[in-house]
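Residues per chain, in single letters:
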Amino acid sequence: MTANPTVNSVESLRVQLLEVLPDVAGIVRRSQILVVARVQEAIARRGYATLVLAGGSTPKPLYEALATESLPWDKIHIFWGDERYVPADHPDSNYRMANLAWLSQVPFPADNIHPMPTEPSDPAIAAAQYETEIRQFFQAQSEEFPAFDVVLLGMGDDAHTASLFPGTAALAVCDRLVTVGEKSGQPRLTLTVPMINAARSVMFLIAGANKQTALAQVFAAEADPTQYPSRFIQPTGELWWLLDQSAAQGIIELKTE
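Keep in mind the model is a prediction, meaning the values are calculated, not measured.

## Brief notes about the packing of aromatic side chains
Turning to step 1, where the next piece is worked out: Evaluated as defined, the whole model comprises 14 aromatic pairs.
Turning to step 2, where the next piece is worked out: Clustering of aromatic rings is evident, with ring pairs tying together Tyr48, Phe79, Tyr130, Phe137, Phe138 and Phe148.

## With respect to the nonpolar core
When a protein is soluble and globular, its nonpolar side chains tend to lie buried together.
Turning to step 1, where the next piece is worked out: Judged by nonpolar contacts, the single largest core of 80 residues is most densely connected at Tyr63, Ile78, Trp102, Leu152 and Trp241.
Turning to step 2, where the next piece is worked out: In terms of residue count, the dominant contributor to this core is helix H1 (residues 24-46) (7 residues).

## Topic: the pairing of strand S6 (residues 150-153)
Turning to step 1, where the next piece is worked out: Covered by surrounding structure in S6 are Val150 and Leu152 together with Val151 and Leu153, the residues of both alternating faces.
Turning to step 2, where the next piece is worked out: Strand direction decides the pairing type here: strand S3 (residues 49-53) and S6, joined by 2 bridges, are parallel. If you follow leucine 51 over to S6, its bridge partner there is valine 150.
Turning to step 3, where the next piece is worked out: Sheet topology places S6 next to strand S9 (residues 201-206); 3 bridges connect them, and they run parallel. Counted as the bridge partner of leucine 153 is phenylalanine 204 from S9.

## Here we look at the pairing of S9
Turning to step 1, where the next piece is worked out: Of all 6 residues that make up S9, 6 are buried, and the element is covered over most of its length.
Turning to step 2, where the next piece is worked out: The two faces of S9 match: Ser201, Met203 and Leu205 on one face and Val202, Phe204 and Ile206 on the other face are all buried.
Turning to step 3, where the next piece is worked out: Relative to strand S10 (residues 238-244), S9 runs parallel, the two sharing 6 bridges. Counterpart to phenylalanine 204 in the pairing with S10 is tryptophan 241.
Turning to step 4, where the next piece is worked out: Remark: the S9/helix H6 (residues 212-218)/S10 crossover connection has right-handed handedness.

## A word on the pattern of salt bridges
Turning to step 1, where the next piece is worked out: In this structure the tally under the stated criterion is 8 salt bridges.
Turning to step 2, where the next piece is worked out: Among the ionic pairs, lysine 75 bridges to aspartate 74, the shortest N-O distance being 3.7 Å.
Turning to step 3, where the next piece is worked out: Its relative accessible area of 47% is what places aspartate 74 among the partly exposed residues.
Turning to step 4, where the next piece is worked out: Salt bridges here are not isolated pairs; linked through shared partners, they connect Arg46, Asp149 and Arg200.

## What about the packing of helix H2 (residues 59-66) against helix H3 (residues 94-101)?
Turning to step 1, where the next piece is worked out: Relative to each other, H2 and H3 sit at 35°, their axes nearing to 8 Å. Crossing of H2 against H3: the hand is right-handed. Contacts from Lys60, Tyr63 and Glu64 in H2 reach Met97, Ala98 and Ala101 in H3.

## Quick look at the sheet that holds strand S7 (residues 178-183)
Turning to step 1, where the next piece is worked out: Read across the sheet, 3 strands follow the order S5-S8-S7 without closing on themselves; strand pairing throughout is antiparallel. Only two strands of the sheet have a single neighbouring strand rather than two, namely strand S5 (82-84) and S7. With strand direction ignored, the average angle separating the axes of adjacent strands in the sheet is 30°.
Turning to step 2, where the next piece is worked out: Sheet topology note: the S5/strand S8 (residues 186-191) ladder contains 3 bridges and is antiparallel. When the sheet's bridge partners are listed, aspartate 82 is paired in S8 with threonine 190.
Turning to step 3, where the next piece is worked out: Running at roughly 140° to S7, helix H4 (residues 123-138) makes contact with S7 and S8 of the sheet.

The rules behind each value
Throughout this description, residue numbers start from 1 for each chain and increase along the sequence as written. Two thresholds apply to this predicted model, a pLDDT of at least 70 for residue-level local features and 80 or more for giving and counting side-chain atom pairs, whereas whole-chain, interface and lining totals are computed over all residues. Water and hydrogen atoms play no part in the side-chain values, which are based on all heavy atoms of the structure. Aromatic rings from Phe, Tyr and Trp, taking only the six-membered ring of Trp, are treated as a pair when their centres fall within 6.5 Å; an angle between ring planes under 30 degrees marks them as stacked, one over 60 as edge-to-face, and anything in between as tilted. Here the nonpolar core consists of buried residues drawn from Ala, Val, Leu, Ile, Met, Phe, Trp, Tyr and Cys, with membership extended through side-chain atoms lying within 4.5 Å. The buried label goes to any residue with under 20% of its type's maximum accessible area, the exposed label to any with over 50%, and the partly exposed label to all in between, with areas taken from a 1.4 Å probe on protein chains only. Helix and strand assignments follow DSSP, with helices taken as H or I runs no shorter than four residues and strands as E runs no shorter than two, numbered in order from the N terminus. Think of it this way: DSSP has to see at least two bridges between two strands before they count as a pair. Looking down the strands as they point away from the viewer, one classifies a crossover as right-handed if the path from the first strand across the helix to the second runs clockwise. We define a salt bridge as a side-chain nitrogen of Lys or Arg found within 4 Å of a carboxyl oxygen belonging to Asp or Glu. Angles shown run from 0 to 180 degrees and are taken between the N-to-C directions of axes, each axis being a line fitted to C-alpha atoms and, for helices, limited to the stretch in contact. If you view the pair so one helix is near and one far, a crossing is left-handed when the near helix is turned anticlockwise from the far one by less than a right angle, and right-handed when it is turned clockwise. By the convention used here, residues are in contact when the closest approach between their heavy atoms is within 4.5 Å.

Okay, here's the thing in structure tokens:
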């Protein structure tokens, strides 16, 4: 089922699309199709594609599905939207999850994998290092926000996305590509709001009834984005919301009131 499939904003030329799928498997199938199409289009246009990965349980089966694809892996570069400040082999590492599910299963060149660094003792140094890596990759000037082809995002039941949590200082960072987020006093690395919004395509993958309350605020006519950070995500390119029926129930009711 598709709800409100296409909304065009005339003033910004942005495209927002909302699709409701039966379950997580439906989200995985649909996102796999969308990601592969956009990767192939980017390679055809520019000779390479850039994909930003998310952590969490919902993206993992997508990564496992992408590992079955026959794609020109040497033309695809992988980045991350956020990372817990733990070693790369830690069970909580977003890099580790994606590597086990997908990246180590296909012949990616090592130079095409760009994990967030978590070795420095100061997370701010690590954030600056990752920003430098992104700028050097895109050959971007200091004032530019380069455009990733696809950014995958999840959303917590508090409406956070990446490591942009409600009421935290990271939400206000507008002059950097990467900053330090935090949850319960624990540092994390995260792309900033304007860095995510520079993307050509952003895809939220959201499942579970526990997301209904947050989604209702994200889609409400008025709400404070500092308390519901996913509201900040309004990319220059297209914005996809891929929801399962459990997560979408409150949105459907909201749109029919």
